[in-house]
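Structural characterization, general
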There are 2 protein chains.
Amino acid sequence: MAPQTPTSQNQPALGECACMNLRKTARLIAQFYDQRLQPGGLRNTQFTLLVVLDHLSPVSIKNLADHMGMDRTTLTRNLRLLERDNYITAQPGKDARVRMISATGKARVAIKETQPYWQKAQGEFLQKFGEERWTEMREDLTEISRIVTSQD
Amino acid sequence: MAPQTPTSQNQPALGECACMNLRKTARLIAQFYDQRLQPGGLRNTQFTLLVVLDHLSPVSIKNLADHMGMDRTTLTRNLRLLERDNYITAQPGKDARVRMISATGKARVAIKETQPYWQKAQGEFLQKFGEERWTEMREDLTEISRIVTSQD
DNA sequence: TGACATAAGATGTATATACACCTAAAAAGA
DNA sequence: TCTTTTTAGGTGTATATACATCTTATGTCA
């Protein structure tokens, strides 16, 4: 009889784990984009936040967090850095609990300067992966986001 | 003439951004799994690391980092926590620069205890998303990982 | 062999992420 | 109205992530 290996038997088929696979690819693509965005001076997280903010301004933290699939408290910490660097400003909302966040002119300048590098990274990715394939995959990602956030 | 909105024109089509879409879905699915793994006492990152380690033990940090799509220094910090809690041990390799990492018995116990919760989360996801669809999507994710890590 | 390049790992620093918990304000009900 | 619940946001704490840089060990090659 063959000796047992010291590792566990009947292990979870982690190779199929949705969490592991998505997180791994997300790490790698974040590194890919960050490398290419570097000359523009913004990391992918902040670039994304500023572009979204520029579209939604003024917007509450709650709404922005939902839009980004981020915990509210994560967004609070991320926004603090953007506020420190004068990329955003906050005004009180009609509802006194709410801070309405807006992108500043400095943010729009930074977006404009970083945008070509993003375009290049995105183009490089689309050229290699296929635009149509990516369009389909985006639908899959949206479906997954819907599934894991649905209350049932 | 319609007044210009204060936001920038000709903005990047961020809705198609591969980085943003993958990171957003990765955040959401990590929350989904972490909620369901909670009774088992391990978060998704550590559960994943331990299962992989249990398969690859003993393994160098470099090899494990490549396998996980993680920066070596990220893995060093993650492993430190696992070592603190006696889930892993390290032995010097033949190459004196290398630390060979192994999962402990405590790790295998923790894996066994968490595994049912992972199975439930994975089953819930597969049931809603579709097993076949997920199999195809895993190929897409693998292809993306390959694309963004290829040297050209 | 000795000089140089490369590789493995750790550390300093900074950002990213989210849970538990707290405060204040608004909404809902009695 | 007044009590209760819900909601928006912030804080304390802990983990997750990675770049720049350092140290040490290995590999390369003249």
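Residues numbered from 1 in each chain as written. Chains lettered and ligands numbered in written order. Predicted model: local features only at pLDDT ≥ 70, side-chain atom pairs only at ≥ 80, totals over all residues. Heavy atoms only, no water.

As a further point, take the protein's contact with DNA strand C. Residues in contact with DNA strand C amount to 29 residues; listed here are only the nearest, A:Arg84, B:Gln31, B:Lys62, B:Arg80 and B:Arg99. Residue B:Arg77 places a side-chain N or O atom 2.8 Å away from a base oxygen belonging to DNA strand C. Top element by residues in the surface near DNA strand C is helix H4 (residues 72-84) of chain A. It accounts for 6 residues. Across the surface near DNA strand C, the residue classes break down as 5 nonpolar, 10 polar and 14 charged. (Near = heavy atom within 4 Å. Polar contact = N/O pair within 3.5 Å; in protein donor to acceptor, adjacent residues only side chain to side chain. Helix = DSSP H or I, 4+ residues; strand = E, 2+ residues; numbered from the N terminus. Nonpolar A, V, L, I, M, F, W, Y, C, P; charged D, E, K, R; others polar.)

Residue and element names in this part refer to chain A. Pairing of strand E1 (residues 59-60) with strand E3 (residues 99-103) involves 2 bridges; the strand directions are antiparallel. In the sheet register, Val 59 faces E3, and the bridge partner there is Ile 101. Here strand E2 (residues 88-92) runs beside E3; their pairing, made up of 5 bridges, is antiparallel. Bridging from a neighbouring strand, Gln 91 pairs with Met 100 of E3. (Pairing = 2+ DSSP bridges.)

Under the counting rule described, the total for this entry stands at 8 aromatic pairs over all chains. Ring centres 5.3 Å apart and planes at 90 degrees place the aromatic pair A:Phe125 and A:Trp134 in the edge-to-face group. Each member of the pair, A:Phe125 together with A:Trp134, is buried. Taking the centre distance of 5.4 Å and the plane angle of 15 degrees together, the rings of B:Phe125 and B:Phe129 count as stacked. One end of the pair, B:Phe125, and the other, B:Phe129, are both in helix H5 (residues 105-129), 4 residues apart, so they sit about a helical turn from each other. (Phe/Tyr/Trp six-rings, centres within 6.5 Å; stacked < 30°, edge-to-face > 60°. Buried < 20%, exposed > 50% of the residue type's maximum accessible area, 1.4 Å probe, protein only.)

Residues and elements named next belong to chain B. Here helix H1 (residues 18-37) crosses H5 at 135 degrees, and the two axes come no closer than 8 Å. On the basis of their axis angle, the class for H1 and H5 is oblique. By crossing handedness, the relation of H1 to H5 is classed as right-handed. In this structure, H1 contributes Ile 29, Phe 32, Tyr 33, Arg 36 and Leu 37 to the contact, and H5 contributes Thr 114, Tyr 117, Trp 118, Ala 121, Gln 122, Glu 124 and Phe 125. The class makeup of the residues in the contact of H1 with H5 is 8 nonpolar, 2 polar and 2 charged. (Axes fitted to C-alpha atoms, helices over the stretch in contact; angles between N-to-C directions. Parallel < 35°, antiparallel > 145°, perpendicular 65-115°, else oblique. Left-handed = near helix turned anticlockwise from the far one by under 90°. Contact = heavy atoms within 4.5 Å.)

As a further point, take the sheet that holds E3(A). All names here are of chain A. The 3 strands lie next to each other as E1-E3-E2, forming an open sheet whose pairing is antiparallel. Single-partner strands in this sheet number two, and they are E1 and E2. Sitting on the sheet, helix H2 (residues 44-56) is in contact with E1, E2 and E3, with an inclination near 110 degrees to E3.

The subject of this paragraph is the protein's contact with DNA strand D. Around DNA strand D, the structure places 29 residues, and the nearest of them are A:Gln31, A:Lys62, A:Arg80, A:Arg97 and B:Arg84. Counted by atom, the contact set of DNA strand D within 4 Å of the protein is 65% sugar and phosphate. A:Ile61 has a polar backbone atom sitting 3.2 Å from a phosphate oxygen of DNA strand D. Among the secondary structure elements, those contributing two or more residues to the surface near DNA strand D are helix H1 (18-37), helix H3 (61-68) and H4 of chain A together with helix H2 (44-56) and helix H4 (72-84) of chain B. Looking at the surface near DNA strand D, the element that brings in the most residues is H4(B), giving 6 residues. The residue makeup of the surface near DNA strand D, split by class, is 5 nonpolar, 10 polar and 14 charged.

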